[in-house]
Amino acid sequence: MFITADLLLNYQRCSRRAFLDRYGDAEQKDPPNDYLLKLIQDSAENRRQVLATEDQEHRQPTYKSGDWQKGAEETLKLMRAGVERIYQPILLAEEGNVTLVANPDLLVKRPGQSIFGDWIYVPTEIKLSKRPKQEYQIIVAYFVKVLAAVQGAWVEEAWLILKERGAFAVDLWEIIPRMETILTSCIEAVTGEEEPEVFISRSRCSLCHWFSHCYAIAKSDNHLSLLPGVTQSRYAQLQALNITTLEALAEIPANQLEPLPGFGSETARKLVRQARATLQNVALLGESLAAHTVGKRPFVMPTIPTAAIELYFDIEAEPSLNLVYLHGVLVVDRLQQTETFHPLLAEKPEEEAIVWQKLLDLMWAYPNAPIFHFCPYEVQTMERLGKVFETPDELVKPLLTRFIDLHDYVTQTVTLPVESYALKHIARWVGFDWRDSTANGAQSIYWYAQWLATGDRSYLDSIVMYNEDDCRATYQVKEWLVEFLEAATLADDFDYAV
């Protein structure tokens, strides 16, 4: 059995993914989505640019893709010959009943002693990331381990080359012991026969080719990982108490969960309430507000501003370019009963400053209108662009006081039967549908890249439609929440069970 760097990287993210990569039915894999393909292309281009700027020749072993043995033989020839730089080598080492496969981007020759002579090779890995994630450092340490077996000598240096940051020296004294522990558990997992349990973590699972397969299992089982707030560490604590179903979590008194590591009073109450809302498929007054109503003590229900004219704001951006290419603003005029969408689009990256000024002009055209958005990104971006384009504070800061984050209002006032408190999950639960059901922020980034590459305006049209739907979804969530809180204020009784 081969243990590759990709397998080890996937294991760090999800042990189940590594297991399925080894034993799963390939027909159950999701095809690569457009955004993932873009990341692969961007990574390859970044690697090409790094190699071009270093202006040093390199040799590459010749072998058929997947033929590790031939690749290792050709790499050894280059290493014995003392080639200065070897691009995408293949290194093999036996570890018990498995074969370790290492394929760093570069091997760079350095003075030293190895089985080849008075030189050694040092591994370098080129990553699109702007920061040295630990999972990448683990992989570099893995390369060091396999390389040591091949050249008969351990190296004292190894490198990550990161986008914008440049060369980063991996602390091998710290990382190698961690790598050994992870590698051992990875080998145990993929050589065993027990399939790891499903656990859905959207931040890690969204780009995985097994996502649909695992999600279908989780959905059919009503798995607790689908509840917002149930992290892997908290799930382990719940498992220890034999709480593995929605029913069990909904019925347990919250105070029994409070002492558990990673819980506490607020989290315990929120999770129990989340389970109840999901089990009943109803919206409940948020845990913090419901707690104030116990015994019907007086309290003030939070109010969301409603104005004659309101703005709903959403941004599309390409983080790798530090580029905001679309500011979408939906102007809702309650007096005129109109809804007008303004797509302020930078058709070329150099137009970013122009659309920024258009945004300021539009927002100042309605000086008293509250500006609704979802999550802090819009505020953070306004502050950043104000500095980038040296906009006077008097044009930016007063706008920021008008911003209202609906995500904050939702999470503080209501518990919904949703898998995530992201806009799409909430808006869909209250009845909003995107015209393109597959569209998302990552897809928007891909569309913009395709527009720049091809000039096909259908990509811009797709971006604008998606952004407009995001703005309208924000509007519908706001309208629903106002009605819900008004009804709760007028209700004679609340759901007091907390």
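What you see is a predicted model; the values in this text were computed from it and never measured.

> Can you help me understand the overall build of the protein chain in this one?
Broken down by element type, the protein chain carries 19 helices and 15 strands. Judged by the C-alpha coordinates and their principal axes, the protein chain covers about 85 × 60 × 40 Å. Residues counted as buried form 49% of the 498 residues belonging to the protein chain. Put simply, of all contacts in the protein chain between residues at least 6 apart along the chain, 66% involve residues at least 24 apart. Of the accessible surface of the protein chain, which amounts to about 24,300 Å², a share of 50% is contributed by carbon and sulfur atoms. For the protein chain, the centre of its 47 positive side-chain charges and the centre of its 70 negative side-chain charges are spaced 2 Å apart.

> Could you clarify how one ought to interpret the sheet that holds strand β8 (residues 166-169) in this entry?
Each strand in a sheet pairs with its neighbour through backbone hydrogen bonds, running either in the same direction (parallel) or in the opposite one (antiparallel). The strand order across the open sheet formed by five strands is β2-β5-β6-β7-β8, and the pairing between neighbours is mixed. Two strands close off the open sheet at either side, each with one partner strand: β2 (85-87) and β8. With strand direction ignored, the average angle separating the axes of adjacent strands in the sheet is 35°. Strand direction decides the pairing type here: strand β6 (residues 117-127) and strand β7 (residues 159-162), joined by four bridges, are parallel. Within β7, the residue paired with I126 across the bridge is I161. Contacts from helix α3 (residues 34-54) reach β2, β5 (106-114), β6 and β7, with the element oriented near 135° to β6. The strands touched by helix α4 (residues 68-80) are β2, β5 and β6; relative to β6, the strand with the most contacts, the crossing angle is about 125°.

What counts, and where the lines are drawn
Residues numbered from 1 in each chain as written. Predicted model: local features only at pLDDT ≥ 70, side-chain atom pairs only at ≥ 80, totals over all residues. Heavy atoms only, no water. Helix = DSSP H or I, 4+ residues; strand = E, 2+ residues; numbered from the N terminus. Buried < 20%, exposed > 50% of the residue type's maximum accessible area, 1.4 Å probe, protein only. Contact = heavy atoms within 4.5 Å. Areas by Shrake-Rupley, 256 points an atom, 1.4 Å probe, with all protein chains shown as cover. Lys, Arg positive; Asp, Glu negative; His and termini not counted. Charge placed at Lys NZ, Arg CZ, Asp CG, Glu CD. Pairing = 2+ DSSP bridges. Axes fitted to C-alpha atoms, helices over the stretch in contact; angles between N-to-C directions.

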